[in-house]
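# Fold and geometry: a report
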Amino acid sequence: MENLIKLVEDLKIAVDEKKGDNVPNLLDSVLTQIESNDTGGKDLPELVGQLANLLEWDNVGVLVKTAAVVAALAKTESGRTACCCSRVTSPLLRLMMSHSDIQLLVQVCRALGNICYENTDGNKLVVEGDGLAAVLRVLQRAVSQSEAPHSTQLRSCAAGCLLNLLMGQDYLYPKALELDIMELLYSVLELGVTKEGEEAAVHTLVILGLLTDAAPGTLTLSEKLCNVTVKTLETSTSGELSELCVELLHTQAENESVRLHLAKAGLCELLVELLEKHRPLVEDDETRNLLKMACDLIIIILNGDESMNLLYGDGKGKVFQGMVSWLTSTDDDLQITGVLAMGNFARTDKHCLQMVERGVSKKLLSLLAKNNTCAADIRLQHALLSALRNLVIPTQNKGIMLAEGLLDAVLPMVSVPTFPVVFKLLGTIRMVIDGQESAAVSVGRNADLISRLVEWCTTEDHPGVQGEANRLLAWLIKNSRDREVMGVMVQCKAVPRLVAMVTAEHAVMQTEALLALSLLTAMRMSDAEPALVAADVGSQIVTLVSSNTVEREVFQNVLALVGTMSTSGEMRSHLHDTGVAKALTAVVISNDSYADVRDQVARLSSMIDSG
């Protein structure tokens, strides 16, 4: 520290006496002292004062060394505080705006960037001196003169200065956008990634992240920026730079247009290649999280319809084929990604038919058969059921996948307690039994399963499971039309659940419940009667038809059910006591659109009232 004090005194004498020959050597010595962390807070004001004086000189060599000293001094908190004054920032900004010497601009960018680092006061001084525009102009120069000596260093320092100026200063973002910063950042990345230019690319990607994060959903990456970011990821040999690329694209890919840009730019193909290449090197949490983010990015892009179709490539796309190969990966994250991708690709009937034809369903069912117990990975189970549910939607696939053993694979999962998995399980079963009588009979005669469904019909923990359980009961009756299935339904107390479903929020569920009850009463009236009366089916019907929102199709299904139930004396008495006849009559009298069913309602009312 004594050396620094002596150097400052000597520097003051040299400045006062205009001994320019001594100044460069003294500045070199001061820089050496600062870089060895040998500074004292009480001497900094005197040093900063001399540096401020030197920043007014005309000697370029002295200005370069002076700015370098300021940059080194501002690396420390105490030095940054000492340099945070207009006596230092104003001449630095003038130099940035007026000089063309690249080495001087490098040191000025370093000095201002360090002064602005996590320093609101420093940012304010630079902004008030029109520093934002000045830094952008310097960066533009570094880009346009990319072949000039030291331009790569200038690009890096200018981008770093810009980053420190913008960091945490959201109010500057609109101004930066007005100054066309996005185009400039694109130009920086377009120069490519060399070992020397890597730092500028890192700064650029962080700035892009700041700007897009501050305006989610409104400021998105253009097609050009998407392309150049993918290219940066492809050529990068730096883990930090690769991670920044993935992070930026991950946050942006929720936008539909960005998804398509990235799909066209070949991002998913690149990620598949990189993940397969580097997977053996994933040995810690940090790299594992990066792998997961890359996998997630693939799935986000596949969520878009256009991007999914593009990457499917009629079943010949590299991404589709890569995802199929991941179904047998020994890496859990890659395997789950492959399964999730299959669910996304299976969003059109054409894809579903092709995928089943090419054996994808067999691979998924084989995988599920090994993971259909409580001990299996929930993420994998959820993904598998989602994919299988989509694949069985086309009628042609149902019989094929049933023959491949779908029910044998999924039914053991009734014991899985995780509701998100149960939700997908019930949806998968409901889809596959549609129009498949033998499958519906097989499932509907399973008393243990029906009992679980009845339990799930009343769960408050997951509305989706509650809805799917109710609908599956109704679909089993509709698709089996089997007397034994109806008996199991009555035995397992499914009737009250179907009665409650009559007044469900959605018309489709109301219709399904009414149809199921009509079939049930037509085939097992004597068995179902006690449960129907106990569940107060008449009151449910009155509530439904008395609402102003009852749809015509639903009303016609009500008439069909009432007609079936009216064949029983006990049920007629119940319907009379609950006012069903009056409610039906009130609907057709008050609404001219029901004129065509007035005679039918009159006959039903007469039958009910006759006891």
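One can find the structure itself at the top, above this paragraph.
Along each chain, the written sequence defines residue order, and numbers are assigned to residues from 1. For this predicted model, a pLDDT threshold of at least 70 governs which residues receive local features, and a threshold of 80 or more governs which side-chain atom pairs are given and counted, while totals over whole chains, interfaces and linings are taken from all residues. Side-chain metrics in this entry use all non-hydrogen atoms of the structure; hydrogen atoms and water are not considered.

Time to look at the overall build of the protein. Scanning the protein from N- to C-terminus turns up 38 helices and zero strands. In terms of overall dimensions, the protein is more spread out than a globule: its C-alpha atoms have a radius of gyration of 37 Å, far above the 25 Å expected for 611 residues. Its C-alpha atoms give the protein principal-axis dimensions of roughly 125 × 50 × 40 Å. In the protein, which comprises 611 residues, the proportion classed as buried is 54%. Across the protein, contacts joining residues at least 24 apart in sequence account for 73% of those joining residues at least 6 apart. Here, Shrake-Rupley sampling with a 1.4 Å probe gives the accessible areas, and only protein chains in the shown set may cover a residue. Roughly 26400 Å² of accessible area belongs to the protein as shown, and the carbon and sulfur atoms make up 48% of that amount. Counting rule for charge: Lys and Arg are taken as positive, Asp and Glu as negative, and neither His nor the chain ends is counted. Taken as the charge location is NZ of Lys, CZ of Arg, CG of Asp or CD of Glu. If you average the places of the 52 positive and of the 77 negative side-chain charges in the protein, the two averages end up 4 Å apart. Working definition: helices are DSSP H or I runs of at least four residues, strands are E runs of at least two. Numbering for both runs from the N terminus. In this description the radius of gyration comes from C-alpha coordinates, and the expected globular size is given by 2.2 Å times residues to the power 0.38. Between buried and exposed lies partly exposed: a residue is buried under 20% and exposed over 50% of the maximum accessible area for its type, with that area taken using a 1.4 Å probe on protein chains only. A contact between two residues is defined here by any heavy atoms of the two lying within 4.5 Å.

For the rest of this paragraph, the subject is the packing of aromatic side chains. Working definition: rings of Phe, Tyr and Trp (its six-membered ring) pair if their centres are within 6.5 Å, and the pair is stacked with planes under 30 degrees apart, edge-to-face with planes over 60 apart, and tilted otherwise. One pass over the full model with this rule turns up four aromatic pairs. When the ring of Tyr 312 is compared with that of Phe 320, the centres are 4.8 Å apart and the planes differ by 70 degrees; the resulting orientation is edge-to-face. Between Phe 555 and Tyr 594, the aromatic rings sit 4.7 Å apart at their centres with planes inclined by 55 degrees, giving tilted as the arrangement. Of this pair, Phe 555 sits in helix α35 (residues 552-565) while Tyr 594 sits in the loop between α37 (580-590) and α38 (598-609), and the two are 39 residues apart along the sequence. A relative accessible area of 0% places Phe 555 in the buried class. For Tyr 594, a relative accessible area of 5% gives the class buried. Connected via pairs of aromatic rings, a cluster forms that spans Tyr 312, Phe 320 and Phe 345. Between Arg 430 and the ring centre of Trp 475, over which it is positioned, the NZ or CZ distance is 4.6 Å. Lys 478 extends its terminal NZ or CZ atom over the ring of Trp 475, reaching a point 4.4 Å from the ring centre. Here, over-ring charges are defined by two tests on the NZ atom of lysine or the CZ atom of arginine: distance to the ring centre within 6 Å, and angle to the ring normal within 35 degrees.

In this fold, Gln 335 is placed in helix α21 (residues 332-345). Whenever two N or O atoms come within 3.5 Å, that pair is a polar contact, provided that in protein one can donate a hydrogen and the other can accept it, and provided that, for residues adjacent in sequence, both atoms are side-chain atoms. Reaching out from Gln 335, the side chain makes a polar contact with the backbone oxygen of Leu 327 at a distance of 3.0 Å. Beyond its immediate stretch of four places on either side in the chain, Gln 335 contacts Trp 326, Leu 327, Thr 328, Ser 329, Leu 367 and Leu 380.

A packed helix pair is summarised by two numbers, namely the angle formed by the two axes and the spacing between the axes. Following both chains from N to C, one finds helix α18 (residues 285-302) and α21 inclined at 5 degrees, their axes separated by 9 Å at the closest point. In terms of axis orientation, α18 runs roughly parallel to α21. Residues Arg 288, Leu 291, Lys 292, Cys 295, Ile 299 and Leu 302 of α18 form the contact with α21, whose participating residues are Asp 333, Leu 334, Thr 337, Leu 340, Ala 341, Asn 344 and Phe 345. Looking at the contact of α18 with α21 residue by residue, the classes come out as eight nonpolar, two polar and three charged. Only the contacting stretch of a helix is used when fitting its axis, a line to C-alpha atoms as for every element, and angles between N-to-C directions run 0 to 180 degrees. Comment on the angle field: the value is read as roughly parallel under 35 degrees, roughly antiparallel over 145, roughly perpendicular from 65 to 115, and oblique elsewhere. Residue type decides the class: Asp, Glu, Lys and Arg count as charged, Ala, Val, Leu, Ile, Met, Phe, Trp, Tyr, Cys and Pro as nonpolar, and the leftover types, Gly among them, as polar.

This part covers the nonpolar core. With 230 residues, the main nonpolar core has Met 342, Phe 345 and Phe 555 as its most contacted residues. Per-element tally for this core: the top contributor is helix α33 (residues 507-534), with eleven residues. In contact with Phe 345, not counting residues within four places along its chain, are Leu 302, Met 308, Leu 311, Tyr 312, Val 319, Phe 320, Met 323, His 351 and Met 355. Buried residues of nine kinds, namely Ala, Val, Leu, Ile, Met, Phe, Trp, Tyr and Cys, make up a nonpolar core once their side-chain atoms join them within 4.5 Å.

The next thing to look at is the pattern of salt bridges. Here, a salt bridge means any Lys or Arg side-chain nitrogen found within 4 Å of an Asp or Glu carboxyl oxygen. In this structure the tally under the stated criterion is 21 salt bridges. The residue Arg 379 makes a salt bridge to Asp 333 at a minimum N-O spacing of 3.2 Å. Taken as a pair, Arg 379 in helix α24 (residues 378-391) and Asp 333 in helix α21 lie far apart in primary sequence, 46 residues in all. Note on Arg 379: relative accessible area 41%, which makes it partly exposed. For Asp 377, the salt bridge is made with Arg 379, and the minimal N-O distance between the two is 3.2 Å.

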